[in-house]
Amino acid sequence: MTRKHAATTILGAIMLASTSCAPAPAQSLSADGAAQSFSFLADRYFSDVYFHFSPTLGTQAGLHQYDSQLEDYSPATIQKQTAALHEYEKKLAAIDPSALDASPAADYAMLLNSIRSSLLTLEVIRPWEKNPDAYSSGITNSAFVIMERNYAPADVRLRALIEREKQMPQVLEEARRNLKNPPRIYTEIALEQIEGLVSFFVSDVPKAFKDVTDPATRAAFDKSNGAVIQALREYGAWMKSDLMPRSNGDFRFGAETFAKKLSYDEMVDIPLDRLLDIAYADLHKNQAEFARIAKEIDPTKTPTEVLAELATIHPAPDKLLDSFHNTFDSLIAFINTHHIITIPSTVQPTLEETPPFMRATTLASMDPPGPFETHSTKAYFNVTLPEKNWTAAHLAEHMASFNVGTIVSTSVHEAYPGHYTQFLWMPQFPSNIRKVIGANTNIEGWAHYTEQMMLDEGYAAAPANATPEQVREARLIKLGQLQDALLRDARFVNSIKLHTGQFTFDQAVDFFVKEGYQSHSVGLVETKRGTADATYLYYTLGKLEIMKLREDVKKKQGAAFNLQNFHDAFMRQGFAPVKIIRKTMLHDDSPVL
C-alpha cells in the first residue's frame, strides 16, 4: 500500500530482540509434521519476535496488548535482535519446504525472505546508525497509531499513550548514541520535519483526547506529553548544532545490497542493467503516448506547454478533499457495472489530512486498520494539503500534483479499485503471513496497474456524441494518468541510478522534472524519499509483472478469460510476490517479466 509510517517500517519493524524460542524442528519430518512445525514456528515468530519487539507495529496491526510498549533502540537490543533473527532463519532452514503443500510452501518462502531482508537491513544497511528521522518520526507514529482510531475508550487509549510517551525521551537519547555519520540528506529531512512533529504533540495529541476528564490521567498526560515535546525540541537543536556538521555519510545502498533487497522483498532477481532497460522502455512508451494525447488536445502547443496548462486545472486548495470524495461514487458504479472486481463492502474510506510526520515525502496515502483490528475498522485516505505559510509559487507547484487527471488516478490508486479495495479483501487472504508480510510489487504494483487498467476499460472516457469540452476533459484525465505513470517510471530509473552511484541527488531531481514531467517541488520530494526508500521502483515493476500475468492467463484461458475473475483471483492470494501468484494461477515457474 502507499503505506503510512515509513519511518516505523524502516527501523521499527526490525527492532526485535531475542526471546524464548520454539524447539528446533526435527531434520526429517513427514508432510503433516512439516506443516505443523512451520505453522507453529510462524506463529511464534510473530507473537514472540515480530510484534512483541515492534510494539508500534502491533498496535497498527490491531494487537492492543502492545499499546503501552515502545521500541527499544539500544545497541544491546539490536545485537539480541540480530541473533534472534539468525536463530529463526536456522529454525526455518530445518524445515524442508518441499514437504509442504503449495500455499504454505509459498508462505515459507515469504517468511524466510522477510527475515533475511531484516538481517540485511540491520547488518548492512544499518538505518539505526544513519537515519535520525526514523527516531523522531518513529515515536510520533507510535503516538499517532493510538490516537487515530477509537478502538477503545479515550481514557483507556490515553493511559496506554502515557506509558508509551514515558519511554520516548529515551528513544531520542539512544538516537544520539547510535547515529554515526548519517547522510546529510537524512539529517536535512529530519530537521525539515521536526517542527511539525513538535506541533503534533503540542496541538494534535491533546486535541484527540480533550474529552478525557479524569484529573489524575490528565495530569499524567500533561507531564509525559510535555517531556516528549521538550525532548523533541532538544533533539532538533542537537541535530542542527551537532549532527548536521558531521552528516557526511552515503545513503547509497550499492548494487549488491540493492539487488539482495529486491530479491528478498519482491522475489525479483532480474539483473539491474536489464531492469534499467525495462524502465527506460516503459518511460519512452509513456512519453510517446503523452505526446500523442497532448497533440490531440492542442496541436499548436508542445507537450511541455500542454502539461503546464494541465498543472493549472485543479481544485481550490480548500476543496481538495472534496474533489477526491466526489470521485468515489463514480468509480464504484463503473467497477460494478463493468465487472472489474468484486468490492467486498459498501463502506467508503474517510478522507483526512496527511499526518505531519509524513508530509515531507508523501502527497497521498491510504491508511487502513490492521489485519487484526476488530473495534475500529475505518480506513483513512490521507492527502497532503498546502501549508499556510507557503509562497504562491510553492502552492502552485504543489497543487499541480492534484490536477484534474491526477486526482482521478490518485483516487483509483488509493481507493477504488486500488489500496482500499485490497484492504477490503484482506479477510479472505489465505494466511496471517500474507496479511502481515507483503511484497510492494504486489501492493503498489496493483494500485499503479489499476490507474491504467480503469482508463483502458473506459472509465472517464468521453461519451458518444460528446461535446468538445467532454472530449478535452477525457484527454486531460488520460494525460494526468500518463503523468503519474511517468512519475513511477522516473522512480524506477532513479532508484537504481541513485543507489548504484550513476546519479547524484541533483541529477535525480532533474530527471523527475525533465523525463518524468514533474514539477521541481515534486522532484525534490520524490528524490528525498528515494534516498531511504531505495527500491521504490516497485510501482512500475509490479504493474508490468501484473500486466504480463494477465496476458499469460488470458492466453492460457482463451475465450474463457474474464477480467473480474482474474482480478478476484489475484486478490485472494494476499500480498504475496507476483512470482508466487504466477505459480498459483499458471502452475509454472515462467519469468515474471
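In the block above lies the structure referred to throughout.
The paragraphs below set out a description of the structure included in this document. (Residues numbered from 1 in each chain as written. Predicted model: local features only at pLDDT ≥ 70, side-chain atom pairs only at ≥ 80, totals over all residues. Heavy atoms only, no water.)

## Brief notes about the sheet that holds strand β3 (residues 380-383)
(1) Moving on: Read across the open sheet, the three strands follow the order β1-β3-β2; overall the sheet is mixed. Because the sheet does not close on itself, it has two edges, and the strands there are β1 (350-353) and β2 (364-367). Taken over all neighbouring pairs, the strand axes of this sheet differ in orientation by 25° on average, direction set aside.
(2) Moving on: As paired strands, β2 and β3 are joined by four bridges and run antiparallel to one another. (Pairing = 2+ DSSP bridges. Helix = DSSP H or I, 4+ residues; strand = E, 2+ residues; numbered from the N terminus. Axes fitted to C-alpha atoms, helices over the stretch in contact; angles between N-to-C directions.)

## What to know about helix α17 (residues 404-414)
(1) Moving on: Counting buried positions along α17 gives 10 out of 11 residues, so the element sits mostly inside the fold.
(2) Moving on: All of the buried residues along α17 are Gly-405, Thr-406, Ile-407, Val-408, Ser-409, Thr-410, Ser-411, Val-412, His-413 and Glu-414. (Buried < 20%, exposed > 50% of the residue type's maximum accessible area, 1.4 Å probe, protein only.)

## Digging into unusual backbone geometry
(1) Moving on: A cis amide bond links Tyr-416 with the next residue in sequence, Pro-417, at an omega value of 0°.
(2) Moving on: With respect to the helices, strands and loops of the structure, Pro-417 is situated in the loop between α17 and α18 (419-425).
(3) Moving on: Unusually for a residue other than glycine, Met-267 sits at a positive phi of about 55°.
(4) Moving on: Of note, Tyr-517 is a non-glycine position whose phi angle comes to about 60°, a positive value.
(5) Moving on: Mapped onto the elements, Tyr-517 comes out in the loop between α22 (505-514) and α23 (520-532).
(6) Moving on: Judged by its relative accessible area of 18%, Tyr-517 falls in the buried class.

## Some thoughts on empty space enclosed by the protein
(1) Moving on: By the definition in use, this model includes one cavity of 30 Å³ or more.
(2) Moving on: Lining the largest cavity, in full, are Lys-579, Arg-582, Lys-583, Asp-588, Asp-589 and Ser-590.
(3) Moving on: Tallied by class, residues from the lining of the largest cavity come to no nonpolar, one polar and five charged. (1 Å grid on protein atoms, 1.4 Å probe; cavity = no way out; pocket = protein on both sides within 12 Å on 5 of 7 lines; lining within 4 Å. Points joined across faces, edges and corners; volume = space filled by probe spheres on them. Nonpolar A, V, L, I, M, F, W, Y, C, P; charged D, E, K, R; others polar.)

## Details of the pattern of salt bridges
(1) Moving on: Considering all chains together, one arrives at 32 salt bridges under this definition.
(2) Moving on: Arg-116 serves as the salt-bridge partner of Glu-89, at 2.8 Å between the closest nitrogen and oxygen. Placement of the pair is Glu-89 in helix α4 (residues 75-93) and Arg-116 in helix α5 (residues 102-125), with a sequence separation of 27 residues.
(3) Moving on: Looking at Glu-89, the relative accessible area reads 18%, which means it is buried.
(4) Moving on: On the basis of relative accessible area, Arg-116 is assigned to the partly exposed category, the value being 29%.
(5) Moving on: Three or more residues are tied together by salt bridges with common partners; here these are Glu-289, Arg-292, Glu-296 and Arg-475. (Salt bridge = Lys/Arg side-chain N within 4 Å of Asp/Glu carboxyl O.)

## Some points on the packing of aromatic side chains
(1) Moving on: Following the criterion strictly, the structure yields 28 aromatic pairs and no others.
(2) Moving on: Between Phe-324 and Phe-402, the aromatic rings sit 5.9 Å apart at their centres with planes inclined by 85°, giving edge-to-face as the arrangement. Highlighted residues: Phe-324 in helix α15 (residues 320-337) and Phe-402 in the loop between α16 (392-400) and α17, separated in sequence by 78 residues.
(3) Moving on: Look at Phe-402 and you get buried, because its relative accessible area is 2%.
(4) Moving on: For the cation-ring pair, Arg-157 lies above Tyr-151, with the distance from its terminal atom to the ring centre recorded as 5.9 Å. (Phe/Tyr/Trp six-rings, centres within 6.5 Å; stacked < 30°, edge-to-face > 60°. Lys NZ or Arg CZ within 6 Å of the ring centre and 35° of its normal.)

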